[in-house]
Every structure is written in C-alpha cells, then in structure tokens.
Amino acid sequence: MNILHLDSSARKENSISRKLAKELVQKLQGQVTYRDISQNMPFVDGIKGAGFIIPEEERTEKDRKLFKFSDELVDELLESNVIVISVPIYNFGPPASVKAWFDLIARAGRTFKYEATGPVGLIKDNKKVYLIVTSGGVPVGSPVDFCTPWFKQALNFLGIKDIEIIAADQLAINDDNLKKAKEAISKI
Ligand SMILES: Cc1cc2nc3c(=O)[nH]c(=O)nc-3n(C[C@H](O)[C@H](O)[C@H](O)COP(=O)(O)O)c2cc1C
C-alpha cells in the first residue's frame, strides 16, 4: 500500500494536526511518501488558458520549473492508495499553502477534464483520504467551517470520493475532541 502523507500546519513543533497524522500513518503501515505542503508551494502564474494551462512552446524557464513541480505533485497523488492530509483551520479555511498545492494538482487532462455534461474527475481508483482537521474555536462541520467543505468539494472534483474526516476541533476550548480524534485513529 502506498501512503501519501501531507502536513500543512505552519507550526513545525507542537502541531497537533502533524502529531495525529503521524500516529495514523504509523498505524496504517505502508510505503510512505511524505511532503510538507506548509512551505515552498509556489502560486500558479503566467497562465494562458482557462485553467493551469501554458502551451509547451510558450513556457518560460520559470513556467517549465512550475509544471515540473506540478507533475511531481500529481504523480505522487496518482501513485498513492491512501492519502493522509493534516490541515489546521486558518481564518475559517485551509492555510493558503494548501490552496496553492491544490491549484498545482488540479490539472486539466491529468486530474480532471470537462465533458459536455460538466467536469469529470480523472482520479478513479478508489483512493481513500483521511483528512485530519484541527481548529482553535471553529466546530468542524459548522456553518463557519469553510475548510472541510472546500476540501471535500475540491477532492470530489478530481474524482476522490472516499474521504474520512477526523476532527480535533475547538482545541482552545478543551481537549475533548483531541481525545475523540485519538480514539478514532486507534480504531482505524
Ligand atoms: C494563522 C492562524 C489562523 C487561525 N485561524 C483560526 C480560525 O479561523 N478558526 C479556528 O478555530 N482556529 C484558528 N486557528 C487556530 C488553529 O486552527 C489551531 O491552533 C490548530 O490547532 C492549529 O493546528 P496545529 O496544532 O496542527 O498547528 C488559527 C491559527 C493560526 C496560526
């Protein structure tokens, strides 16, 4: 089993989402590809089409580097069977670096396409995603959580439907939900 493990907290030490993801990955046991998407995530730029599209012949050296990196991110996604993503809620949504990562993996012709009836996700092989979400005050699944619904929609768009949310939310209030998240992980 190939596991893609992605962390996104800007907190490198004492990050609860990172700790929970580590626990889960150890539990799952498999070949792990790790990427820290909290940093070094460039923004899409120099776009020429209605998507992340720049024709080969028009690509500058900078564009070529960006597409090479995007290909790497897409490849590791396609090669995985299980994806563990840890994400803290920052200002009601995911951290900006997570959006930058997603902008690089949503690639027309590689991870989605448009047909007459609408968009079709090209990731078809029943990947399982565990999404570990932490927050200080926002209850996951509440009307002010724009992180979890965005993630579900974004992954669904690429064809990934099997998404299990593990919430360690409202941690500034008490650690009940941290205990629940740890319990949920121990049962996987
Ligand atoms: C820049 C920033 C913005 C945050 N915004 C929110 C927020 O909008 N809602 C919330 O409930 N918690 C917010 N938090 C708190 C984090 O979600 C919380 O501390 C969480 O545990 C962070 O995950 P980590 O422990 O993996 O670093 C914010 C934290 C930071 C650093």
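See the structure above.
My aim in this report is to walk through the structure given alongside it, one point at a time. (Residues numbered from 1 in each chain as written. Predicted model: local features only at pLDDT ≥ 70, side-chain atom pairs only at ≥ 80, totals over all residues. Heavy atoms only, no water.)

1. Examining the sheet that holds strand 6 (residues 128-134)
- If you walk across this open sheet you meet the 5 strands as 2-1-3-6-7, and the pairing is parallel. The open sheet has two edge strands, strand 2 (31-36) and strand 7 (162-168), and neither has a second partner. Adjacent strand axes in the sheet meet at a mean angle of 15°, parallel and antiparallel pairs treated alike.
- Bridging between strand 6 and strand 7 involves 7 bridges; their strand directions are parallel. Residue Lys128 lies in a different strand from strand 7, and its bridge partner there is Asp162.
- Sheet strands in contact with helix 2 (residues 61-78) are strand 1 (2-7), strand 2 and strand 3 (82-88), and its direction is about 145° off that of strand 2.
- Where helix 5 (residues 176-186) meets the sheet, it contacts strand 6 and strand 7, and its direction lies at approximately 140° from that of strand 7. (Pairing = 2+ DSSP bridges. Helix = DSSP H or I, 4+ residues; strand = E, 2+ residues; numbered from the N terminus. Axes fitted to C-alpha atoms, helices over the stretch in contact; angles between N-to-C directions. Contact = heavy atoms within 4.5 Å.)

2. With respect to a nonpolar patch on the surface
- On the surface, Phe92, Val144 and Phe146 cluster together into a nonpolar patch covering about 300 Å² of accessible area.
- Note that Phe92 resides in the loop between strand 3 and helix 3 (96-105).
- Residue Phe92 is classed as partly exposed on the basis of its relative accessible area of 45%. (Patch = residues over 30% accessible without salt bridge, like charges linked within 9 Å, V, L, I, M, F, W, Y side chains within 5 Å. Areas by Shrake-Rupley, 256 points an atom, 1.4 Å probe, with all protein chains shown as cover. Salt bridge = Lys/Arg side-chain N within 4 Å of Asp/Glu carboxyl O. Buried < 20%, exposed > 50% of the residue type's maximum accessible area, 1.4 Å probe, protein only.)

3. Structural notes on the packing of helix 1 (residues 16-28) against helix 5
- Where helix 1 meets helix 5, the axes come as close as 9 Å, and the angle between the chain directions of the two elements is 15°. With respect to each other, helix 1 and helix 5 are oriented roughly parallel. The hand of the helix 1/helix 5 crossing is right-handed. Here Ile16, Leu20, Glu23, Leu24 and Lys27 of helix 1 lie close against helix 5, whose contacting residues are Leu178, Ala181, Lys182, Ile185 and Ser186.
- Across the contact of helix 1 with helix 5, the residue classes break down as 6 nonpolar, 1 polar and 3 charged. (Parallel < 35°, antiparallel > 145°, perpendicular 65-115°, else oblique. Left-handed = near helix turned anticlockwise from the far one by under 90°. Nonpolar A, V, L, I, M, F, W, Y, C, P; charged D, E, K, R; others polar.)

4. Some details on the packing of helix 3 against helix 4 (residues 148-157)
- Relative to each other, helix 3 and helix 4 sit at 10°, their axes nearing to 12 Å. In terms of orientation, helix 3 lies roughly parallel with respect to helix 4. Two secondary-structure elements touch here, helix 3 through Val98, Lys99, Trp101 and Phe102 and helix 4 through Trp150, Phe151, Ala154 and Leu155.
- Partitioned by chemical class, the residues of the contact of helix 3 with helix 4 number 7 nonpolar, no polar and 1 charged.

5. Section: the site of the ligand
- Neighbouring residues of the ligand: 15 residues in total, closest Ser9, Arg11, Ser15, Ser17 and Gly137.
- Take Ser15: an N or O atom from its side chain is 2.6 Å from an oxygen atom of the ligand.
- Note that an oxygen atom of the ligand is positioned 2.8 Å from one of the backbone N or O atoms of Ile89.
- Within the complex, the protein chains bury 72% of what would otherwise be the 640 Å² of accessible surface of the ligand.
- Grouping the amino acids of the shell around the ligand by side-chain chemistry returns 6 nonpolar, 8 polar and 1 charged. (Near = heavy atom within 4 Å. Polar contact = N/O pair within 3.5 Å; in protein donor to acceptor, adjacent residues only side chain to side chain.)

6. What about helix 2?
- An ideal rise of 1.5 Å per residue puts 26 Å on 18 residues; helix 2 measures up with 26 Å between its terminal C-alpha atoms.
- Listed as buried for helix 2 are Asp63, Leu66, Phe67, Phe69, Ser70, Leu73, Val74, Glu76 and Leu77.
- Packed against the buried residues of helix 2 are strand 1, strand 2, strand 3 and helix 3. (Expected span 1.5 Å × (residues − 1).)

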